[in-house]
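So you can see what is in the structure, the chains are spelled out below.
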Amino acid sequence: MVDWSLIRGSTTVRLLVTETIIFANAPFYWLNNGSRSLFKGSAFIAVYLLARLWQRQASAIVPEPYLDEVFHIPQAQAYCDQQFSVWDPKLTTPPGLYAFAVIFGNILPGGCTASNLRLFNVFALLATMSFALECRTLITERWKHPSTAIQNWKNGLISSNSLHTVVNVALFPPLFFFSGLFYTDILSTCIVVWMYKLFLQGQPGVSGLKIYFVGALALTMRQTNIFWVAIFIGGLEAVRTIKANARLLPVPSPIYAKPLNLEGITSVFKQFSRGQIHDIPLKDAGVHDFILCAISIAVAVINWPILILTSLAPYIALLLSFGAFVFWNGGVVLGDKANHIATIHLPQLLYLLPFTTFFAFPIITPSFLTFALSLPNSLATKSIWKILLAAIYTLGALITILGIIKFNTIIHPFTLADNRHYVFYVFRYSILKHPLMRYVLAPIYLVCGLGAYLTLCSSSIPMPKVQGAAGKKKQEAKSTTTQMSDSGDEGPTTSWLIVFLITTALSLITAPLVEPRYFIIPFVIWRLNIPPSSNSVPAINQGGLIGTLQIVVGNIGLHSMWVETAWYLLIDAVTCYIFLYKGFEWKQEPGNVQRFMW
């Protein structure tokens with residue numbers, strides 16, 4: 001074996017020189033290809049430099065494998081030495097990460113050192129960012145220009161909102177943190193987002209083999225990815241197939257216009273059977289719309305089984321392949337099966353809500369405050385029956401949450417056994433602080449869920465019109481600004497949210513252990529589907545305190561993405577600094593520095 005430590009200095013210099021040459025010339029290339037390419041290149045360079053700085057510091061101060069790296073790095077190094085029969089029985093996930101890392105490590109001087117393996121995740125983060133940018137572009141283009149979305153994407157049209165969104169996704173603290181360590185999360189997220197991109201850019205039934213290949217690749221990173229590559233993408237594919245083959249009735253009419261009798265119900269189901277499913281934007285949807293959406297999709301699938309099964313062939317193949325693996329393996333996880341027994345753990349969905357609100361509060365706050373400010377006026381215009389129905393829905397949701405807390409709260413031994421993870425302190429000072437504390441959190445879960453939902457509904461930030469000469473000038477300035485940005489017209493629909501919630505539930509509720517890393521993919525998918533804020537907004541003709549507050553909220557919304565960037569940078573700086581410089585020792589392991597992490 002070559003002692004690479006003897007030439008580590010020269011290896012570092014060579015890497016730095018190579019990076020300097022590449023990134024010093026990159027801006028000139030992007031400049032020659034237009035200002036859009038220059039901004040895109042600058043964004044990627046900025047994220048790379050931040051991630052590289054973090055990875056370099058982590059490797060300099062913590063050169064030896066830390067925590068789960070103790071399993072991952074030796075396994076990858078065994079593969080580098082072509083010892084493919086070696087397998088650590090403590091590893092629970094498939095070897096996909098190690099195969100990629102081996103190829104990457106063998107390209108670099110020094111081979112598969114801990115530092116080089118960690119460096120792989122820096123580039124995996126950039127790949128995730130690249131696929132996320134294409135997803136975001138396709139999503140927003142389909143909202144604004146459904147007929148030309150694919151062509152606009154092929155022409156390289158990228159909005160400032162889409163680029164800024166994916167920069168924030170890359171800086172998302174639980175994701176960014178692991179770009180400096182050798183964990184599976186970055187590459188796992190990358191492949192899932194790649195799969196999502198293939199769906200968004202494709203047409204029903206196209207590229208089935210490629211979809212299967214990428215989906216299978218995702219399964220080699222983490223087993224729970226089966227829900228994202230088969231259930232989530234497959235569910236969206238089924239809806240798209242139904243819509244693409246919908247046959248219009250001679251005189252289609254709105255569902256709500258049908259009489260509530262046998263003839264009216266028959267007419268509605270006839271529409272559903274022809275593919276005219278009830279799928280409306282979330283901003284226009286009520287609880288009943290989700291019920292109608294689910295029923296309409298079920299009726300369409302029952303009436304077109306061959307068509308749907310044909311379009312879902314690659315996803316069904318993925319499910320069958322995964323089922324065969326589980327049968328062969330005798331379970332989902334590869335090793336350490338005693339500590340990773342699948343169970344029903346519904347509170348995972350509740351924990352996701354404050355997690356999302358904490359990290360996305362700059363994005364959620366404007367939508368939530370807008371809702372709160374408009375609530376009094378909205379209640380004043382609604383009938384007593386609608387208000388009563390909303391109260392019943394709210395009470396029902398709260399009772400459901402309390403029931404989940406009462407009968408299904410699970411505290412995994414690992415959660416309380418390791419004080420190096422932030423989750424340890426979250427549990428210690430919240431639900432474990434007092435027996436009643438977990439129930440006190442129920443309304444907080446509900447409010448956090450409402451905020452996350454409203455953010456998906458909000459395609460614009462309401463701002464009141466300003467009258468007078470000064471107001472006209474301000475409106476003209478805003479109009480000019482609007483032309484430079486994009487604004488979603490509709491946003492996600494009821495079918496998208498149903499599929500997303502089902503997938504999120506399936507991917508989380510089987511895990512008894514609570515870890516922020518499990519929430520990364522649901523958060524990223526949710527974040528990519530938030531409608532862009534718009535300066536071109538409806539007028540709110542209210543004066544006084546409410547009008548003033550609406551102006552304030554509107555201004556907050558216009559700058560929310562920059563606040564999100566600053567928020568993420570702050571969290572990244574604090575958590576990385578604590579990891580590097582605020583270590584501690586356990587009494588039972590003197591001399592070994594323990595470090596805080598997600």
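Residues numbered from 1 in each chain as written. Predicted model: local features only at pLDDT ≥ 70, side-chain atom pairs only at ≥ 80, totals over all residues. Heavy atoms only, no water.

Asker: Which residues make up the pattern of salt bridges, and what values do they have?
Answerer: A complete count under the given rule lists 10 salt bridges for this structure. With its nearest N and O atoms 2.7 Å apart, the salt bridge here joins Arg118 to Glu69. With a gap of 49 residues between them, Arg118 in helix α5 (residues 114-144) and Glu69 in helix α3 (residues 69-80) connect regions that are remote in the sequence. Each member of the pair, Arg118 together with Glu69, is buried. Salt-bridge contacts for Asp185 lead to Arg222; the nearest nitrogen and oxygen are separated by 3.1 Å. Residue Asp185 is located in helix α9 (residues 185-201), and its partner Arg222 is located in the loop between α10 (208-219) and α11 (225-244); the two are separated by 37 residues in the primary sequence. What you see here is one network of salt bridges that share partners, running through Asp68, Asp185, Arg222, Glu515 and Arg517. (Salt bridge = Lys/Arg side-chain N within 4 Å of Asp/Glu carboxyl O. Helix = DSSP H or I, 4+ residues; strand = E, 2+ residues; numbered from the N terminus. Buried < 20%, exposed > 50% of the residue type's maximum accessible area, 1.4 Å probe, protein only.)

Asker: Lay out the packing of helix α4 (residues 96-107) against α5 in plain terms, naming residues and giving numbers.
Answerer: At a minimum axis separation of 9 Å, α4 and α5 run at an interaxial angle of 105 degrees. Regarding the angle of α4 to α5, the classification is roughly perpendicular. Across from Leu97, Phe100, Ala101 and Phe104 in α4, the residues of α5 making contact are Asn116, Leu117, Leu119, Phe120, Asn121 and Phe123. Broken down by class, the residue content of the contact of α4 with α5 amounts to eight nonpolar, two polar and no charged. (Axes fitted to C-alpha atoms, helices over the stretch in contact; angles between N-to-C directions. Parallel < 35°, antiparallel > 145°, perpendicular 65-115°, else oblique. Contact = heavy atoms within 4.5 Å. Nonpolar A, V, L, I, M, F, W, Y, C, P; charged D, E, K, R; others polar.)

Asker: Tell me what's going on with unusual backbone geometry, and back it up with residues and numbers.
Answerer: Here Leu67, not a glycine, exhibits a phi torsion of approximately 55 degrees, which is positive. By the element assignment, Leu67 lies in the loop between α2 (35-61) and α3. Phi angles above zero are rare outside glycine, and Gln82 is one such case at about 65 degrees. Of note, Gln82 is situated in the loop between α3 and α4.

Asker: Which residues make up the state of the cysteines, and what are the values?
Answerer: This structure, assessed with the given rule, holds one disulfide. The disulfide partner of Cys80 is Cys112, and the gap between their sulfur atoms is 1.7 Å. Since a negative S-S torsion denotes a left-handed disulfide, the Cys80-Cys112 link at about -60 degrees is left-handed. With Cys80 in helix α3 and Cys112 in the loop between α4 and α5, the pair connects residues that are 32 residues apart, well separated along the chain. (Disulfide = S-S within 2.5 Å.)

Asker: Quick one: what's the story with the pairing of strand β2 (residues 589-594), residue by residue and with numbers?
Answerer: Inspection of the sheet shows strand β1 (residues 584-586) paired to β2 by three bridges, in the antiparallel sense. Counted as the bridge partner of Trp586 is Glu589 from β2. Connecting β1 to the next strand, β2, in antiparallel fashion are two residues. (Pairing = 2+ DSSP bridges.)

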